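Geometric and topological summary
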Protein chains: 2
Amino acid sequence: MNVLKRNNVHVAGRGQQTLLFVNGFGCDQTIWRYILPALAEHYRLVLFDHVGAGLSDTTAYDPDKYASLQGYAQDVLEICEQLELRDVTLVGHSVGAMIGALAAIGAPERFRRLLLLCPSPCYLNEADYHGGFERADIENILAFMERDFVEWADSFAPLIMGNPDRPGLSAELIHSFCQNDPAIARRFARVTFLSDNRPDLARLHTPCLLVQCAEDLIAPLEVGDYLHRTIPAATLVTLPVSGHCPHVSAPRETLKALEAYMAA
Amino acid sequence: MNVLKRNNVHVAGRGQQTLLFVNGFGCDQTIWRYILPALAEHYRLVLFDHVGAGLSDTTAYDPDKYASLQGYAQDVLEICEQLELRDVTLVGHSVGAMIGALAAIGAPERFRRLLLLCPSPCYLNEADYHGGFERADIENILAFMERDFVEWADSFAPLIMGNPDRPGLSAELIHSFCQNDPAIARRFARVTFLSDNRPDLARLHTPCLLVQCAEDLIAPLEVGDYLHRTIPAATLVTLPVSGHCPHVSAPRETLKALEAYMAA
C-alpha cells in the first residue's frame, strides 16, 4: 500500500510549518488553489485527494472502510505518518473539517491546530439541535443524486456555492462534482450527510479556528454556535459572505481569517 | 537550486509511460484537471507550474532567462533531468506547446512524442503567414494588460475561452489569470505574443499530434495548417469545438483525440 500514491499526495511551498489541507465532498485538492499561492511563500503545504476523487487511486476504495468518516480520518493519519508530519496545522473544509477533527482526536500529538471552514458535526435537525436539514430532505437529496448525478450537481452546486450574482463559481463546482466517480461520490454523500459526530467533539482538545459564512445553506449559523460552545478550545469567526465555499468565493477574506489566527 | 520545488513539480498516476504537461499563459497545472483522472489510470503524470505561476517559487524568476521561450524550455528539460524522464509524451497547450517543442528540439532523446493543443509558432500576421493578429493589436493588448491586469483578464478570458453560452468557463479562466503575479504575467505575455519560433520548426523531428479547435481566436486554422506543413512528423486533428482551451471546455473530445493518437 503506497499511501502517497493512493491519496495523490502533493507537497509544495516554502516554510517550516506544515499546513495539511482536507477538502470536502465532491472536490479534490485543486479546490484550494485560490488561497494557496499566498500561503506557499511561508508554509509547507501538503495536499491530497480522498480515495475516489481527483487523481487518487480509485481501486483503493473499500466500501467498509469508507462507510464512516473514520476511514477518511485514518487516511489523514496515514499521510501524516508517511511524511512524518508533526505540529501540523490542518485546514479542513465542510466534511473535510470533521474528518480533520476525527484525525486530531485519534492522534492529538500530531496536530498543532485546526482551521475549519464551514464545519458541521451533523446536518440533520434533532431535538435541541438545528443542523439545517430534516431527515426527509436528506433522503430526497440522496435519492436525487442516485437518480441523476449530473442533474443533481447542476441543481445543488448553486445552493452550495451561494453568490447567485457570480454563476461562474457554481459552474466551477458543477465541473468539480462531475469529475468524481459517481458510484463512490454517492456513497461518500450518504456518509457525509447522515453522520452525527457531535458525541466526538468533547474529545477534541486541539485548538480550533471555526470559520463560518454568514449565509450558508449547508452549515447554518446555529451550527457554528453549537461547535463553538462544544469544542473545548475553539475560536469562531463569521465571514460576512455568502455560500459554503469561502476558499473559492471569498479567498481574500478567508486567507485573512486564517492568517490572523495563525499569527495570534 | 531545487528544480522540483522551483517549478512545484507533482507526480501522480499509475502507469509505465510518462505524460509531462506544459500549460500555457496565465494558468497553472490545475488547468489540466478535467482530463487527468482518466489518464491517471494508465499513465504516470508529471505536472508543474512555470516560474511566476501557481505554487512555483516566484523568487526564482529571472527576467533575462525568461526573456525568451528558451528559458521556459530549459526548465522543462531540467525537470526531465531531475526525474530522469525518458520516452516522454509531452502534452503542451498554447505557448506551452511551443515551449514543449523547443524542449524536444533541445533534447530529442528524451521525448517519444508531443501532443500539442492549439499550438502557434507566431501570433503575428507576416508576409505569407496568418498568425491572427496585427502587431498593433498585440501592442494594444499588452498595453491594456499593463494598464489594468484585472480588467484585461475580464475582457480577454471570454475571447480566449470561446463558448459564449457557458460563461462559467470564462469565469474560471479569469480567476486563473488573476492568480498570477501580475508583473511576471505581463512579461510572460510579451514573450508569448511577440515570439516567432517558425524558424525552429524544421528542427523538430519528434512525432507531433496537433490538436486545433475549429473556432479559436488565438490560433486560427491557418496556423494549424502551417504547422502541419512545416513540422516533419505531424498529424493534425481539428476538433469541432469553440475556444482556445479544449482541455477545459471540451475535455471528452480532447481526451479522445489524445488517446486515439497514443493508441496508434
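Remember, it's a predicted structure, so these values are computed and weren't measured experimentally.

This brings us to unusual backbone geometry. Residues and elements named next belong to chain B. The phi torsion at E84 lies on the positive side, around 50 degrees, for a residue other than glycine. Along the chain, E84 falls in the loop between helix 3 (69-82) and strand 4 (88-93). E84 sits in the exposed class, given a relative accessible area of 65%. Even without a glycine there, the phi angle at C118 is positive, about 50 degrees. Tracing the backbone through its elements, the reader meets C118 in the loop between strand 5 (111-117) and helix 5 (135-147). Taking relative accessible area as the criterion, C118 reaches 1% and is therefore assigned buried.

Let's shift gears to the pattern of salt bridges. Counting across every chain of the model gives 20 salt bridges over all chains. A:D196 is the salt-bridge partner of A:R198, the closest N and O atoms lying 2.8 Å from each other. The buried category is assigned to A:R198, whose relative accessible area is 17%. For A:D196, a relative accessible area of 33% corresponds to the partly exposed category. In this structure, the salt-bridge partner of B:R203 is B:D200, at a minimum N-O distance of 2.9 Å.

Turning our attention to the nonpolar core. The biggest cluster of nonpolar side chains holds 103 residues, and the ones touching the most others in it are B:F21, B:F111 and B:W152. Those residues in contact with B:W152, other than ones at most four positions away along the chain, are B:F25, B:I141, B:F144, B:M145 and B:F177. Core analysis: the second largest hydrophobic core is formed by 101 residues, A:L19, A:F21, A:A185 and A:Y261 among them.

So, on to helix 7 (residues 167-177) of chain B. For helix 7 of chain B, a buried count of 9 out of 11 residues is recorded, marking the element as mostly surrounded by other parts of the structure. As for helix 7 of chain B, its buried residues are in contact with helix 7 (167-177) and helix 10 (246-249) of chain A together with helix 6 (149-161) and helix 10 (246-249) of chain B.

Another aspect to go through is the pairing of strand 4 of chain B. Residue and element names in this part refer to chain B. Burial analysis of strand 4 places 6 of its 6 residues in the buried class, which makes it a mostly covered element. Judged by which residues are buried, strand 4 turns out to be covered on both faces: V88, L90 and G92 on one side and T89, V91 and H93 on the other are all buried. Looking at chain direction, strand 4 and strand 5 are connected through 6 bridges and run parallel. Along strand 5, the bridge assignment pairs V88 with F111. Between the parallel elements strand 4 and strand 5, the chain passes through helix 4 (residues 95-106) in a crossover that is right-handed.

Let us now look at the sheet that holds strand 1 (residues 10-12) of chain B. Residue and element names in this part refer to chain B. Strand order across the open sheet formed by 7 strands is 1-3-2-4-5-6-7, with mixed pairing between neighbours. Strands at the two margins of the open sheet, each flanked by one partner only, are strand 1 and strand 7 (234-242). The sheet shows a mean angle of 20 degrees between the axes of neighbouring strands, taken without regard to direction. The strands touched by helix 4 within the sheet are strand 2 (18-22), strand 4 and strand 5, with strand 5 carrying the most contacts at an inclination of about 160 degrees.

Taken as a whole and assessed by the stated rule, the structure comprises 26 aromatic pairs over all chains. Residues B:Y61 and B:Y66 carry aromatic rings whose centres are separated by 5.4 Å and whose planes lie at 20 degrees to one another, so their mutual orientation is stacked. In terms of burial, B:Y61 and B:Y66 fall into one category: buried. For the pair B:Y72 and B:F188, a centre-to-centre distance of 4.4 Å together with 25 degrees between the ring planes defines the contact as stacked. In this pair, B:Y72 sits in helix 3 while B:F188 sits in helix 8 (residues 182-194), placing the two residues 116 residues apart along the sequence. Accessibility classification places B:Y72 together with B:F188 in one group, the buried group. Linked through ring pairs, A:F25, A:Y61, A:Y66, A:Y72, A:F144, A:F149, A:W152, A:F156, A:F177 and A:F188 together constitute an aromatic cluster. One Lys or Arg, A:R198, reaches over the ring of A:Y129 and ends 4.5 Å from the middle of that ring.

Before going further, it helps to spend a moment on the relation of the copies chain B and chain A. Under the fitted operation, chain B is carried onto chain A by 0.0 Å of movement along the axis and a turn of 180 degrees, and the coordinates agree to an RMSD of 0.0 Å. Taken together, the turn and the small shift mark the pair as related by a two-fold rotation axis. Residue B:G168, judged by its C-alpha, is the member of chain B lying nearest the rotation axis, at 1.9 Å.

Parameters at a glance
Residues numbered from 1 in each chain as written. Chains lettered and ligands numbered in written order. Predicted model: local features only at pLDDT ≥ 70, side-chain atom pairs only at ≥ 80, totals over all residues. Heavy atoms only, no water. Helix = DSSP H or I, 4+ residues; strand = E, 2+ residues; numbered from the N terminus. Buried < 20%, exposed > 50% of the residue type's maximum accessible area, 1.4 Å probe, protein only. Salt bridge = Lys/Arg side-chain N within 4 Å of Asp/Glu carboxyl O. Core = buried A, V, L, I, M, F, W, Y, C linked by side-chain atoms within 4.5 Å. Contact = heavy atoms within 4.5 Å. Pairing = 2+ DSSP bridges. Right-handed = clockwise from strand over helix to strand, strands pointing away. Axes fitted to C-alpha atoms, helices over the stretch in contact; angles between N-to-C directions. Phe/Tyr/Trp six-rings, centres within 6.5 Å; stacked < 30°, edge-to-face > 60°. Lys NZ or Arg CZ within 6 Å of the ring centre and 35° of its normal. Least-squares fit on C-alpha atoms with pLDDT ≥ 70 in both.

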